[in-house]
Amino acid sequence: KNRFGSTDELGIYQMSSNGLEEVPNPSERLMENHQDEISGTAIAAVVEGQRPIYIETQALVTNCVFGTPQRSANGYDYKRMSMILAVLEKRCKLPFGSKDVYLNIVGGLKIVDPGIDLAIVAALISSLQDISIGRKIAFAAEIGLTGEIRSVPRIEQRILEADRLGFEDMYVAASSKLGNIKTGVRIHKLSRLEELFERIFG
């Protein structure tokens, strides 16, 4: 409960011997166990309240054992996951319709920022293809029904945070307005999901 600050702000705390203490760098804490060479994971740059936070998204895609494919989403809207799966099946010709799909946002957070969409897509394809994504790559974009990749607010703020955390590459929408931002992060602009599939998994 926040009696003094904005109700949109997200605070992350940990219990210590001195009581409840604020976690000063939540992105680093949420990604501390992120590993290379494991398929089905991708890092998302989201904005909660006024701060950018980098979190790990996890996906597990397996062959359907029972008659009806199973679906589960923890920390992400179930209906939106179903929409993204339908878009991937239609636009990228990927066989998610016959697969069990499980999705998890690490840290127990529930994310509503649509900027997480592209990372969700990357994690899903990564698990389906069993191809890992480098831990120095981040994603920030929204996905539309036609497979277009859409820009999200505060993209410059997200990129600057990526630079601070040591990321090397970031995938964003082609329509993102970056201005004269100075960063060591390589920015990759995408217009459609098919481009993401070709560049990372092709």
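Residues numbered from 1 in each chain as written. Predicted model: local features only at pLDDT ≥ 70, side-chain atom pairs only at ≥ 80, totals over all residues. Heavy atoms only, no water.

Caption draft 1: Quick peek at the nonpolar core. Of all hydrophobic cores here, the largest spans 44 residues; its most connected members are L88, L118, L124 and F139. Mapped onto this core, the elements with two or more residues apiece are strand 3 (41–48), strand 4 (51–63), helix 2 (78–91), strand 6 (99–105), helix 3 (117–129), strand 7 (137–140), strand 10 (169–173) and helix 5 (193–201). When residues in this core are grouped by element, the largest group, nine residues, is from helix 3. Those residues in contact with F139, other than ones at most four positions away along the chain, are A42, I43, A44, A45, G115, L118, A119, A122, I133, Y171, L196 and I200. Formed by 15 residues, the second largest nonpolar core is a distinct cluster that contains A138, V152, L178 and V185. (Core = buried A, V, L, I, M, F, W, Y, C linked by side-chain atoms within 4.5 Å. Buried < 20%, exposed > 50% of the residue type's maximum accessible area, 1.4 Å probe, protein only. Helix = DSSP H or I, 4+ residues; strand = E, 2+ residues; numbered from the N terminus. Contact = heavy atoms within 4.5 Å.)

Caption draft 2: Local environment of the sheet that holds strand 6. If you walk across this open sheet you meet the seven strands as 5-6-4-3-7-10-11, and the pairing is mixed. The sheet terminates laterally at strand 5 (71–74) and strand 11 (186–190), the two strands that pair on one side only. Each strand axis lies, on average, 25° off the axis of its neighbour in the sheet, ignoring direction. On top of the sheet, helix 2 reaches strand 5 and strand 6; it is set at about 125° to strand 5, its chief contact. (Pairing = 2+ DSSP bridges. Axes fitted to C-alpha atoms, helices over the stretch in contact; angles between N-to-C directions.)

Caption draft 3: Fine view of the packing of helix 2 against helix 3. Where helix 2 contacts helix 3, the two axes come as close as 11 Å, and the packing angle between them is 60°. When the interaxial angle is binned, helix 2 and helix 3 end up oblique. Crossing handedness for the pair helix 2 and helix 3: right-handed. Note on element contacts: helix 3 touches helix 2 through D117, I120, V121, L124 and I125, opposite R80, I84, L85 and L88. Classifying every residue of the contact of helix 2 with helix 3 gives seven nonpolar, no polar and two charged. (Parallel < 35°, antiparallel > 145°, perpendicular 65-115°, else oblique. Left-handed = near helix turned anticlockwise from the far one by under 90°. Nonpolar A, V, L, I, M, F, W, Y, C, P; charged D, E, K, R; others polar.)

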